[in-house]
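Observations on the three-dimensional arrangement
Each chain, letter by letter, is given below.
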Amino acid sequence: MRRKARAGLLPGLLLALLLGGCVTAGRPASRPAATPAELSARLEALARGSGGRMGFVALHLESGRRYERLADEVFEGASVVKLALLVEAVARHREGTLDLSDRFPLTPQATAAGSGILDELQPGLAPTYRDLLRLMITYSDNTAANVFVDRFGAAAVNSRMERLGFAGIRLGGRIPDREPVETESERWKGLRLGWMTPRDTVELYRRIAERSLVDPEASRLLLELLAWPKSLDRLFRTFRDDEGVSWAGKSGTMRGIRGDSGILTTRKGTFVLAAFVDGVDDDRGGGPRANTAMAEAAREVVESWSATLPDLPAPPAPSPWPEEPPPSTGRLGLTLAQARAGGVPELSRVFRPADRAFWELWEASGGSVADACLVPSPNGWWEENDPQKIDPVTSIVLHHTGSATDVRCVEKFLDPQSFVSAHFLVGTDGRLYQFVSLEHRAWHAGLSYLHGERALNRSSIGIEVTGDGNLAPFTQEQLATVRRLLGVLVALLDVKAPSIVGHQHVAPGRKPDPGIWFPWNDVLRDALDLAKELEPRACPARLAIGARPLGRPLGPAVSLPAPDAVIAP
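Residues numbered from 1 in each chain as written. Predicted model: local features only at pLDDT ≥ 70, side-chain atom pairs only at ≥ 80, totals over all residues. Heavy atoms only, no water.

Turning our attention to the packing of aromatic side chains. Under the defined criterion, the tally for this structure stands at 18 aromatic pairs. With a centroid separation of 6.4 Å and 25° between ring planes, the pair formed by F236 and F239 is classed as stacked. No difference in accessibility class separates F236 from F239, as the two residues are buried. Each residue in the set F104, Y129, F148 and F152 is aromatic and connected to the rest through ring pairs, giving one cluster. (Phe/Tyr/Trp six-rings, centres within 6.5 Å; stacked < 30°, edge-to-face > 60°. Buried < 20%, exposed > 50% of the residue type's maximum accessible area, 1.4 Å probe, protein only.)

On to the environment of V523, then. Relative to the helices and strands, V523 is located in helix α16 (residues 520-547). When the C-alpha positions of V523 and L479 are compared, they lie 7.3 Å apart, and in sequence the two are 44 residues distant. Leaving out residues up to four positions away in the same chain, V523 has contacts with L479, V482, R483, L486 and F518. (Helix = DSSP H or I, 4+ residues; strand = E, 2+ residues; numbered from the N terminus. Contact = heavy atoms within 4.5 Å.)

Pairing in this open sheet of three strands is antiparallel, and the strands run β3-β5-β4 from one edge to the other. Either end of the sheet is taken by a strand with one partner, and the two such strands are β3 (75-76) and β4 (169-171). Note: β4 against strand β5 (residues 194-196), three bridges, orientation antiparallel. Considered in β5, the bridge of I169 is made with M196. (Pairing = 2+ DSSP bridges.)

Core analysis: the largest hydrophobic core is formed by 64 residues, its most contacted members being L85, L86, M136 and F148. Per element, the largest residue contribution to this core is seven residues, and it comes from helix α3 (residues 82-95). Setting aside its immediate chain neighbours within four residues, F148 contacts L85, A89, Y129, L132, L133, M136 and G153. The next biggest cluster of nonpolar side chains, apart from the first, holds 43 residues, and it includes W359, W362, W520 and L530. (Core = buried A, V, L, I, M, F, W, Y, C linked by side-chain atoms within 4.5 Å.)

Moving on to the pairing of strand β15 (residues 460-465). Burial analysis of β15 places six of its six residues in the buried class, which makes it a mostly covered element. Neither face of β15 is left uncovered, since the one carrying S460, G462 and E464 and the one carrying I461, I463 and V465 both have all their residues buried. Bridging between strand β10 (residues 395-400) and β15 involves six bridges; their strand directions are parallel. Bridge assignment links V397 to a residue of β15, and that residue is G462. Here strand β11 (residues 424-426) runs beside β15; their pairing, made up of three bridges, is parallel. Among the inter-strand pairings, F424 is bridged to a residue of β15, identified as I463.

Moving on, we come to the packing of helix α4 (residues 129-138) against helix α9 (residues 216-226). Running from N to C, α4 and α9 cross one another at 55°; their axes reach a closest spacing of 9 Å. In terms of axis orientation, α4 runs oblique to α9. Across the interface between the two elements, R130, L133, R134, I137 and T138 from α4 touch L221, E224, L225 and L226 from α9. Here the contact of α4 with α9 is composed, by residue class, of five nonpolar, one polar and three charged. (Axes fitted to C-alpha atoms, helices over the stretch in contact; angles between N-to-C directions. Parallel < 35°, antiparallel > 145°, perpendicular 65-115°, else oblique. Nonpolar A, V, L, I, M, F, W, Y, C, P; charged D, E, K, R; others polar.)

Okay, here's the thing in structure tokens:
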């Protein structure tokens, strides 16, 4: 919650974002299953060695196994209590009393003391409430937290916690303002940000994981906002190198206080964990000791229980999304045959010479155009709308839509007020939609960085895949289309393998897609093999596309050389 030094925070933050994926952490060797008595003794020893009073609760959802220590005792929640603010905001969003897309103008007077990044930036920003929630959870931003404390009030937040059944979670109030700096330390003395019991904290996460907190859509949004926290040095520390593992949670720190909580997903199922330690001697380096006790306790429980748990089948059986209405009309957009016939002016932003070459190469690769669908989006950069922002293509960025059906993404891309688009969407059945011409640029990457390039909207192709890759695997039909799409794009645009990335790679901490279930190795290997096969046919079109000014007509359609044989799918 508080930090000792403020200088150089932003350079350090940027370095952490760029290198966070390279950090490694050692972990103890796997152990055989312990008896309940043996596990309890090990955990008790870790708690005694934490340097303070330690409460710890662990729950395995699928089997119902549970461990509790001081489960109903009250601890200072520190920043973990921001969970209550998050739930209140999402609940109001679902009730229609808070629009997360609305913007909040920040002023110097609104700056809070302690952790975060907004206090390091110049005043005048107007982030959306969703942005503020992300900053509050991912970076534990205190200024963002105070925005919601001031809007909701502690009494309203605590009332909702009680109605939801979490009497053991209570918000204390505002975080001290940064100014005047001279009295900041005094204003922290004796401050209680919130009260939490380990049992109710785990129960809150359990209901999020089971999609039963507020409603399924609210739970999905809560899980999305909790994904990929910045602080991973406690409960998740020893799992960071494990394959197929994800973590969504919130930690907290105050003087003498350490806390962490979250949902750990492994091939053995879902583990919900919460740990709090108070009485930490920060003057004698007690913080790392408490953090290590939490990390080792989580590893002990998960390894011991996992030794006798079966691997779970994938994908998960329950759908993580609410049911969505079917499209109000029939087929959206036009077929490729209709586009090739011409005479449709609005298709000039989705079917130009480069796109004609793309679809010819798609067919040559064995791809079907029977279900291809062209839907011009109003969102993007083209020759009449900031053409100076169109740079040569150097990368391809993959995303997931976060919804169960194609229609939600299509409707968003057709809404000019959404300010969002992508070049392609791969539907649930493998259907390929195109919204923006390859000669134009879509709005899909936002604040992003890759290989020295910033603002990747200018120089990248965006691909959305229907679904949520952190909740369930994509369908085989989708993955087959993604493989072929990447292979054709690489052959046509000469994009290099290190520049085929996910949104999570170019906006770490901000975006988690396409997620842990996306099979990068298999997809890229197959796509690059296909691109190599297609290269002789793609080179004439590649040269023609690269030789003209971007966004300008090419003239006659690019014609590809006749194949000696059709390449098999």
